[in-house]
Amino acid sequence: NWDTHANVVGIDILQESVRAQAAGSYPLSFPSEMTSPVRSATTKPITFSNSGPHPFGTARFAFPLWRNILRPYIDFWDIHVYTVCPKELIHLAFWAQGESKPVVIGEFAAHQGLSTGEQTRRYQNALDIVNTRYGGLHVAGILQWALYPQSITASDDWGMFDSGGVPRSHLTDLFEELPTS
């Protein structure tokens, strides 16, 4: 039972759902069909996450039809930001359109094949999105993906720590800027 695990903050029913739906992986009725069984198994908040490359293009997350289909079934929006995305787009894509659900950046990172400067720029962008307030509205939280390398090639290494467990300080030091509440 997920409810007994304090570190589980929410359930992502379908990882990167808009991409899967656009590829025809499941019908538009899928959110309503999946939500009921998950809700009967847990009281944890649920979502259907989405990624880009740019999560706010009209063909992706900000697409009104898809947002309207998901809205009744989720407790928060979970977006994945891997490119440099102007923080103002968060405001335009959500709250300027009357969105009331919390927004979480469920994934962000920069692979080690990028220059140190570009890695830092992508991390700083995600942290700027979290730190920006729009009339009292803000991104509710952020989850970095991943802590350790998943591959031996730099282009597939998204970790904040190297394979020996040493922090990549140009990335880890940025987290001191995050608000604690």
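First things first, this report covers the structure right here in the doc. As a convention, each chain's residues are numbered from 1 in the sequence order in which they are written. Totals for whole chains, interfaces and linings use every residue, but because this is a predicted model, local features are given only for residues with pLDDT of at least 70 and side-chain atom pairs only at 80 or more, for both listing and counting. With hydrogens and water set aside, each side-chain value is computed from the structure's full complement of heavy atoms.

Right, let's talk about the pattern of salt bridges for a bit. Between side chains of opposite charge, a pair can form as their charged atoms come close. By definition here, a salt bridge exists when the distance from a side-chain nitrogen of Lys or Arg to a carboxyl oxygen of Asp or Glu is within 4 Å. Scanning all chains against the criterion turns up four salt bridges. Of the charged contacts in the structure, one is a salt bridge between glutamate 118 and arginine 121, with a shortest N-O distance of 2.9 Å. Of this pair, glutamate 118 and arginine 121 are both found in helix α5 (residues 116-131), three residues apart, which corresponds to roughly one turn of the helix. A simple rule labels every residue: compare its accessible area, found with a 1.4 Å probe on the protein chains alone, to the largest value its type can have, and call it buried under 20%, exposed over 50%, or partly exposed in between. Assessed through its relative accessible area of 46%, arginine 121 is described here as partly exposed. A salt bridge links arginine 168 to aspartate 157; its shortest N-O distance comes to 3.0 Å. With arginine 168 in the loop between β6 (141-142) and α6 (169-172) and aspartate 157 in the loop between β6 and α6, this residue pair connects regions lying eleven residues apart in the sequence. There is no split in this pair, since arginine 168 and aspartate 157 are both buried. Sharing partners across several salt bridges, the network here consists of Glu118, Arg121 and Arg122. In this text, helices come from DSSP runs of H or I with a minimum length of four residues, and strands from runs of E with a minimum of two, each type numbered from the N-terminal end.

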